[in-house]
2 protein chains.
Amino acid sequence: MERQTRQKQAVMQAIETSGRSLNAAEIWSLAQLEVPSLNLSTVYRQIKTLHDEAQVVRVDLPGQPPRYEAPCHAPRTRGHEHHHHHFHCTGCEQVFPIHGCPGGIERLAPRGFQVQSHDLTLHGHCAACVGA
Amino acid sequence: MERQTRQKQAVMQAIETSGRSLNAAEIWSLAQLEVPSLNLSTVYRQIKTLHDEAQVVRVDLPGQPPRYEAPCHAPRTRGHEHHHHHFHCTGCEQVFPIHGCPGGIERLAPRGFQVQSHDLTLHGHCAACVGA
DNA sequence: ATCTTTGCAAAACCTTTGCACTGCG
DNA sequence: CGCAGTGCAAAGGTTTTGCAAAGAT
């Protein structure tokens, strides 16, 4: 049976309250504000558990370590995660969700290929880094 | 001054003749057919050299180790690499180039964000794996 | 008291680096 | 020959795992 611990809560809360996608180290930093003794291994283990329970979604961006974010149920579609993409700021390295999606992507595949899904990542400067 | 070696030729040839994007291990396997004693470190070093010389292009797909491919000069645009994306086959794990690109991607960014570039990856089954 | 979860340290995995040797020019 | 390039082994960075101790129920 699953137990409630300060560590687990700290990890979950870090992911939920950030509003963006965090990698393991970022989650660790944030969760340590809550539980200073928190160990990185524990963060990885909690991430794995939460991911298996579909409490967090893994976000893979090209050339980057995996990030994790809280499931976004906005236009709730039968329990499915809302389809969205990500903006990667090359200034502060933070990753933000973006909600649109260009159409007609299936048409780009070579003839005979079958598209199951797609990932789109935008790179650039976030509002804060454009100003700076 | 730069020297010609069997190892360098084997690495370059593996990348050029494959017609797709290869990771370090794949390059190693292929190049070893040519030079069986080839060391993985040498492969990494040659990749780095070739990449610095713009002889190979690095391809990062979400959640995957970096791959490398020969530059595609098709619609040669003043020496620039032709802008393209990739199709990742979830069956055979191979990666293929795709040449279209959906428009209006900049419009997806949040207000105040500045888009510099983008990556698009399609996932699915390639023609061979659809048939199988 | 039981049994999951934790912290620590070691291992695993991929990539890079130090160093002496090979071999191209 | 001289020095770029190679092989090997060791080191780095990140994630995973083994194990004894801690702590939730």
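Residues numbered from 1 in each chain as written. Chains lettered and ligands numbered in written order. Predicted model: local features only at pLDDT ≥ 70, side-chain atom pairs only at ≥ 80, totals over all residues. Heavy atoms only, no water.

**With respect to the overall build of chain A**
Step number 1: Along chain A, the regular secondary structure elements total four helices and six strands.
Step number 2: Its helices and strands taken in sequence order, chain A reads α-β-α-α-β-β-β-β-β-α from the N to the C terminus.
Step number 3: The long-range fraction of contacts in chain A, counting pairs at least 24 apart against all pairs at least 6 apart in sequence, stands at 50%.
Step number 4: Put simply, chain A shows about 7400 Å² of open surface, and 50% of that area lies on carbon and sulfur atoms. (Helix = DSSP H or I, 4+ residues; strand = E, 2+ residues; numbered from the N terminus. Contact = heavy atoms within 4.5 Å. Areas by Shrake-Rupley, 256 points an atom, 1.4 Å probe, with all protein chains shown as cover.)

**What about the domain arrangement of chain A?**
All names here are of chain A.
Step number 1: Splitting chain A by domain gives domain 1 (2-69) and domain 2 (85-131).
Step number 2: Distance from the C-alpha centre of domain 1 to the C-alpha centre of domain 2: 23 Å.
Step number 3: With nine residues of domain 1 at the interface, the matching set in domain 2 holds eight residues.
Step number 4: Between domain 1 and domain 2 lies a buried interface of about 770 Å² when both sides are counted; carbon and sulfur atoms form 53% of it. (Domains from an automatic or database assignment. Buried area = accessible area lost by both parts, 1.4 Å probe.)

**A look at the sheet that holds strand β5 (residues 95-98) of chain B**
Each strand in a sheet pairs with another by means of backbone hydrogen bonds, the pair being arranged parallel or else antiparallel.
Step number 1: With respect to topology, six strands assemble into an open sheet ordered β5(A)-β4(A)-β6(A)-β6(B)-β4(B)-β5(B), the strand pairing being mixed. Two strands lie at the open edges of the sheet, namely β5 (95-98) of chain A together with β5 of chain B, each paired on one side alone. Between one strand axis and the next, the sheet turns through 30 degrees on average, direction left out of account.
Step number 2: Two elements, strand β4 (residues 85-89) of chain A and β5(A), share four bridges in a ladder whose sense is antiparallel. Looking across to β5(A), one finds that His85(A) is bridged to Ile98(A). (Pairing = 2+ DSSP bridges. Axes fitted to C-alpha atoms, helices over the stretch in contact; angles between N-to-C directions.)

**Looking at the protein's contact with DNA strand C**
Step number 1: Around DNA strand C sit 20 residues in total, of which Arg3(A), Thr42(A), Arg45(A), Arg3(B) and Tyr44(B) are the nearest.
Step number 2: Expressed as a percentage, the sugar and phosphate content of the atoms of DNA strand C within 4 Å of the protein is 63%.
Step number 3: A distance of 3.1 Å is found between a phosphate oxygen of DNA strand C and a backbone nitrogen or oxygen belonging to Asn39(A).
Step number 4: Between Thr42(A) and DNA strand C, the recorded distance is 2.8 Å, taken from a side-chain N or O atom to a phosphate oxygen.
Step number 5: Mapped onto the surface near DNA strand C, the elements with two or more residues apiece are α1 (6-18) and α3 (40-52) of chain A together with α3 (40-52) of chain B.
Step number 6: Here the surface near DNA strand C takes four residues from α3(A), the largest share from any one element.
Step number 7: Residue composition of the surface near DNA strand C, by class: five nonpolar, nine polar and six charged. (Near = heavy atom within 4 Å. Polar contact = N/O pair within 3.5 Å; in protein donor to acceptor, adjacent residues only side chain to side chain. Nonpolar A, V, L, I, M, F, W, Y, C, P; charged D, E, K, R; others polar.)

**What to know about the relation of the copies chain A and chain B**
Step number 1: Screw-axis analysis of chain A against chain B gives a translation of 0.0 Å along the axis, an RMSD of 0.4 Å, and a rotation angle of 180 degrees. What the rotation and shift describe, once combined, is the action of a two-fold rotation axis. In terms of C-alpha distance to the rotation axis, chain A has Pro62(A) as its closest residue, with the C-alpha 2.0 Å off the axis.
Step number 2: The fraction of interface residues of chain A whose copies in chain B are also interface residues reaches 100%, indicating that both copies meet through the same surface. (Least-squares fit on C-alpha atoms with pLDDT ≥ 70 in both.)

**Things to note about the protein's contact with DNA strand D**
Step number 1: Near DNA strand D lie 20 residues; those nearest to it are Arg3(A), Tyr44(A), Arg3(B), Thr42(B) and Arg45(B).
Step number 2: Each atom of DNA strand D within 4 Å of the protein was assigned to sugar, phosphate or base; sugar and phosphate come to 61%.
Step number 3: In the environment of DNA strand D, a base oxygen lies 3.2 Å from a nitrogen or oxygen atom belonging to the side chain of Arg45(A).
Step number 4: Within the side chain of Arg3(B), a nitrogen or oxygen atom sits 2.7 Å from a base oxygen of DNA strand D.
Step number 5: Of all the secondary structure elements, the ones that give two or more residues to the surface near DNA strand D are α3 of chain A together with α1 (6-18) and α3 of chain B.
Step number 6: Counting residues per element, the surface near DNA strand D draws most heavily on α3(B), which supplies four residues.
Step number 7: Class assignment for the residues of the surface near DNA strand D results in five nonpolar, nine polar and six charged.

**Quick word on the packing of α1(A) against helix α2 (residues 24-34) of chain A**
All names here are of chain A.
Step number 1: Direction vectors running N to C along α1 and α2 enclose 120 degrees, while the axes themselves pass 8 Å from each other. On the basis of their axis angle, the class for α1 and α2 is oblique. Handedness of the α1/α2 crossing: right-handed. Across from Ala10, Val11, Gln13, Ala14 and Ile15 in α1, the residues of α2 making contact are Ile27, Leu30, Ala31 and Glu34.
Step number 2: Residues of the contact of α1 with α2, tallied by class, amount to seven nonpolar, one polar and one charged. (Parallel < 35°, antiparallel > 145°, perpendicular 65-115°, else oblique. Left-handed = near helix turned anticlockwise from the far one by under 90°.)

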